Amino acid sequence: MNATPAVADDLIVIGKIYSVHGVRGEVKVYSFTDPTENLLQYKTWTLKREGNVKQVELVSGRGSDKFLVAKLKGLDDREEARLLAGYEICVPRSLFAELTEGEYYWYQLEGLKVIDTLGQLLGKIDHLLETGANDVMVVKPCAGSLDDRERLLPYTEQCVLAVDLAAGEMKVDWDADF
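Residues numbered from 1 in each chain as written. Predicted model: local features only at pLDDT ≥ 70, side-chain atom pairs only at ≥ 80, totals over all residues. Heavy atoms only, no water.

Further remarks concern the overall build of the protein chain. For the protein chain, the count of helices and strands is 2 helices and 12 strands. Mapped in sequence order, the helices and strands of the protein chain form the string β-β-β-β-β-α-β-α-β-β-β-β-β-β. Summarising its shape, the C-alpha atoms of the protein chain cover approximately 60 × 35 × 30 Å along the three principal directions. Within the protein chain, the proportion of its 178 residues that are buried is 34%. By sequence separation, contacts in the protein chain at least 24 residues apart represent 48% of the contacts at least 6 residues apart. The centroid of the 20 positive side-chain charges in the protein chain is displaced by 9 Å from the centroid of its 30 negative side-chain charges. (Helix = DSSP H or I, 4+ residues; strand = E, 2+ residues; numbered from the N terminus. Buried < 20%, exposed > 50% of the residue type's maximum accessible area, 1.4 Å probe, protein only. Contact = heavy atoms within 4.5 Å. Lys, Arg positive; Asp, Glu negative; His and termini not counted. Charge placed at Lys NZ, Arg CZ, Asp CG, Glu CD.)

Next comes the structure, spelled out in structure tokens:
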């Protein structure tokens, strides 16, 4: 394990280590990528937890029904592996594939101000949820927002009218029939 991770501002969380697997130092991982196995394409991970940062190399990995199992270089002991539980798995955003016009990674949408068709500020996107039918934006109130309500808005063409990353804004029609 290496102690020289990438610049923290450039890192995107793509998963989390949550437990050990077996007795040979493998770890169980929740993947935030779609499909989940895409996490295994990244061979160098920066792990972050409560101010601790370390860099590790992925030796191998495989999918399971509900999680991934990963083998990290130099990690051969179950008790050592247990110490990694709770670490977020991060990679530099520069490793992400370029998207086509109108497509966005979730991290790009988080923090955007959400404005309705009347020009009212509804809040900021705190995070997104995958629901099966469509993704859902969790919009939390912020300074200057219309009210103190948290809103769940579908990330659909009917709701999202425009995204302006440079301005840090998203225009929505939240009264539309979904």
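Taken as a whole, the largest pocket spans an internal volume of roughly 890 Å³. Looking at the largest pocket, it is lined by 24 residues, and the ones nearest its centre are Phe-32, Thr-33, Asp-34, Tyr-105 and Trp-106. Breaking the lining of the largest pocket down by element, the ones donating at least two residues are strand 1 (11-21) and helix 2 (106-109). It is strand 1 that contributes the most residues to the lining of the largest pocket, 3 residues altogether. Class assignment for the residues of the lining of the largest pocket results in 13 nonpolar, 6 polar and 5 charged. Composition of the lining of the largest pocket by domain shows at least three residues from each of domain 1 (11-95) and domain 2 (106-172). Empty space within the second largest pocket amounts to approximately 160 Å³. Along its surface, the second largest pocket is lined by Arg-93, Ser-94, Phe-96, Ala-97, Glu-98, Leu-99, Glu-103, Tyr-104, Tyr-105, Tyr-107, Gln-108 and Leu-165. Tallied by class, the residues present in the lining of the second largest pocket amount to 7 nonpolar, 2 polar and 3 charged. (1 Å grid on protein atoms, 1.4 Å probe; cavity = no way out; pocket = protein on both sides within 12 Å on 5 of 7 lines; lining within 4 Å. Points joined across faces, edges and corners; volume = space filled by probe spheres on them. Nonpolar A, V, L, I, M, F, W, Y, C, P; charged D, E, K, R; others polar. Domains from an automatic or database assignment.)

Here we take up the domain arrangement of the protein chain. Considered domain by domain, the protein chain is made up of domain 1 (11-95) and domain 2 (106-172). Centre-to-centre separation of domain 1 and domain 2, based on C-alpha positions: 30 Å.

Here the UniProt-annotated "domain: Ribosome maturation factor RimM PRC barrel" (unreviewed entry) positions come out as residues 106-175. Helix makes up 6% of residues 106-175 and strand 47%, with an end-to-end C-alpha separation of 23 Å. (UniProt positions renumbered as here; feature names shortened; annotations may be inferred.)

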